[in-house]
Amino acid sequence: MNDHASIDADSAVPVDDTTEDVDVGALGCHAGAEQLKAAAEAKGKADVMARFEADYPTGPHDQPQSMCPAFGSLRVGLRMRRVATILSGSACCVYGLTFTSHFYGARRTVGYVPFNSETLVTGKLYEDIRDAVHEIADPDNYDAVIVTNLCVPTASGVPLQMLPKEIDGVRIVGIDVPGFGVPTHAEAKDVLSGAMLNYARQEATAGPVQAPREGVEDRPSITLLGEMFPADPVMISAMLEPMGLAAGPVVPVREWRELYAALDCAAVAAIHPFYTASIREFKEAGRPVVGSAPVGVEGTDAWLKSIGKACGVASDQIDGARNAFLGAIRGAAADAPIKGRITLSGYEGSELLVGRLLAECGADLRYVGTACPRTPYSADDAAWLEDHGVEVRFRASLEQDLAAFHEFRPDLAIGTTPVVQKAKEAATPALYFTNLISARPLMGPAGPGSLAQIVNGAIANKARFDRMTDFFDGVGTGDTAGVWEEVPPDRSQFRKKYAARVKISHNAVDAGESVGC
């Protein structure tokens with residue numbers, strides 16, 4: 001809250017008496033990003049918005065064209081044991097988020113606190129959220145309750161920071177994840193992870209905390225920052241063993257008690273380099289942070305050296321780890337070469353790591369686009385790719401990804417759904433990055449063979465695309481697609497008349513007309 005805020009004694013709801021000119025009830029998802037941001041700042045969220053701008057810089061455009069960012073934080077909470085999730089936002093947004101979460105396999109209830117213009121204006125929404133938290137905070141069932149403000153409650157200044165920190169031993173964590181402040185769902189995972197790490201760090205500072213489910217690790221551990229394929233932490237653990245180190249928890253964690261073990265590490269491996277809020281908490285705990293990951297021969301070599309140096313490991317032990325694994329990775333890459341020109345894009349945050357592995361496996365990689373921002377912990381990977389002739393774009397837009405596809409005319413396009421669609425329309429094999437590439441082992445000796453199998457298989461399907469193109473030749477495209485008794489008339493004049501409007505609607509985020517939440 002700012003210095004001008006006061007408290008309504010009857011409701012205990014913060015009331016900002018400096019913002020009478022903000023029509024909170026009129027706000028909605030249709031409001032532009034700048035209008036929502038200004039409203040949030042006026043209603044006591046200026047510090048939150050400033051933190052988002054610092055942690056997640058937007059770069060050349062406001063927001064990449066990806067899914068609602070709140071899906072990222074929602075997914076993190078739904079994957080955790082004994083954690084309840086409550087959303088506060090427009091009904092259409094909550095419906096879409098819950099539908100998507102269940103589509104991706106969540107079998108958990110998502111709490112929802114509805115609102116209307118009256119409850120927003122009077123502060124009753126905060127009271128409803130507070131009541132919902134008290135109702136659900138049962139220590140027999142939950143360790144924590146995560147409460148998330150979506151766009152409209154954030155813009156309206158709903159003060160989740162005023163919720164009790166704990167109820168009957170159940171921790172209460174409130175976060176704002178507005179589409180006009182958090183650019184991607186990948187970064188929203190960091191918003192929640194950072195908030196939970198902050199809470200857990202304060203608990204650990206105050207006194208004894210719960211031990212990990214598997215017990216306390218005797219060796220110095222390396223916390224792995226960023227979601228990854230389940231086999232990768234196992235492989236990383238094997239690579240760390242010759243140095244006397246162990247792989248610690250993966251953040252985002254799957255259980256609250258893992259947060260303490262994550263903080264109690266020798267160093268942090270920023271596998272996903274954009275977890276800025278989480279990195280801040282680790283640095284507050286005095287933990288060094290190392291970027292990149294053990295992918296390919298050169299990537300693994302550099303990473304093992306960096307981890308060893310950060311943990312004070314003797315040089316002979318570092319060399320032992322290098323000797324044990326670099327030859328195996330080199331052999332795996334030689335046994336599974338990738339031949340073909342490739343463009344790569346995605347919004348998960350591991351795009352540069354996949355690009356390095358593709359290049360080391362022999363692929364003619366021309367372009368890597370990621371919706372995530374450039375950070376100090378992605379610098380080495382970006383420099384390596386650029387030194388190998390790869391164009392790298394941070395905060396890449398769909399238009400830039402498609403422009404790269406048209407410029408480089410790859411044998412395989414790896415990207416988001418719309419990129420894959422455009423590539424297949426052009427009879428080019430394509431793979432969806434999220435489900436088919438990032439959901440595979442990438443680290444150590446397992447990476448080259450895993451990646452080469454699906455990539456080479458896709459490139460080999462070019463002949464099938466050509467046969468389909470020949471088979472459907474003459475059926476038309478766009479408005480003339482299909483079988484017609486008469487070919488539909490050309491409406492080019494109509495199209496020209498509304499070209500400017502169509503252009504804006506196709507990129508409404510950059511135009512400030514939509515925030516995608």
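Residues numbered from 1 in each chain as written. Predicted model: local features only at pLDDT ≥ 70, side-chain atom pairs only at ≥ 80, totals over all residues. Heavy atoms only, no water.

Another point: the sheet that holds strand 11 (residues 289-291). Sheet strands pair via backbone hydrogen bonds, and the direction of the pair is either parallel or antiparallel. Sheet architecture is open: 4 strands sit in the order 9-8-10-11, paired in parallel fashion. Every interior strand has two partners, whereas the edge strands, strand 9 (246-251) and strand 11, have only one. Averaged over all neighbouring strand pairs, the angle between strand axes comes to 30 degrees, with direction disregarded. Direction of pairing for strand 10 (residues 267-270) relative to strand 11: parallel, over a ladder of 3 bridges. By the bridge assignment, valine 268 is partnered in strand 11 with valine 289. Along the sheet, helix 11 (residues 296-310) contacts strand 8 (221-225), strand 10 and strand 11; its crossing angle with strand 11, the most-contacted strand, is approximately 170 degrees. (Pairing = 2+ DSSP bridges. Helix = DSSP H or I, 4+ residues; strand = E, 2+ residues; numbered from the N terminus. Axes fitted to C-alpha atoms, helices over the stretch in contact; angles between N-to-C directions. Contact = heavy atoms within 4.5 Å.)

Another aspect to go through is the side chain of arginine 257. Looking at the secondary structure, you find arginine 257 in the loop between strand 9 and helix 9 (258-263). Separated by 3.5 Å, the side chain of arginine 257 and the backbone oxygen of alanine 211 make a polar contact. The residues contacting arginine 257, other than those within four sequence positions of it, are Gln210, Ala211, Pro212 and Arg213. (Polar contact = N/O pair within 3.5 Å; in protein donor to acceptor, adjacent residues only side chain to side chain.)

Of the residues in the chain, 88% have a pLDDT of 70 or more, and the chain-wide mean is 87. In the model, residues 507-517 has pLDDT below 50 throughout and makes 30 contacts with residues more than four positions away in sequence or in other chains. (pLDDT = per-residue confidence, 0-100.)

For the rest of this paragraph, the subject is the packing of helix 13 (residues 351-360) against helix 14 (residues 379-387). Helix packing geometry: the angle between the two helix axes and the distance between the axes. Helix 14 packs onto helix 13 with a crossing angle of 35 degrees between their chain directions and a minimal axis gap of 10 Å. Pair helix 13 / helix 14 crosses with left-handed handedness. Residues Leu352, Leu353, Gly355, Arg356, Ala359 and Glu360 of helix 13 touch helix 14, and the partners they reach there are Asp380, Asp381, Ala382, Trp384 and Leu385. Residue composition of the contact of helix 13 with helix 14, by class: 6 nonpolar, 1 polar and 4 charged. (Left-handed = near helix turned anticlockwise from the far one by under 90°. Nonpolar A, V, L, I, M, F, W, Y, C, P; charged D, E, K, R; others polar.)

What follows is about the sheet that holds strand 6 (residues 166-167). Pairing is mixed across the open sheet formed by 5 strands, whose spatial order is 4-3-5-7-6. Because the sheet does not close on itself, it has two edges, and the strands there are strand 4 (111-112) and strand 6. In this structure, strand 5 (residues 144-149) lies alongside strand 7 (residues 170-176), joined through 6 bridges in parallel fashion. Paired with valine 145 across the bridge in strand 7 is isoleucine 172.

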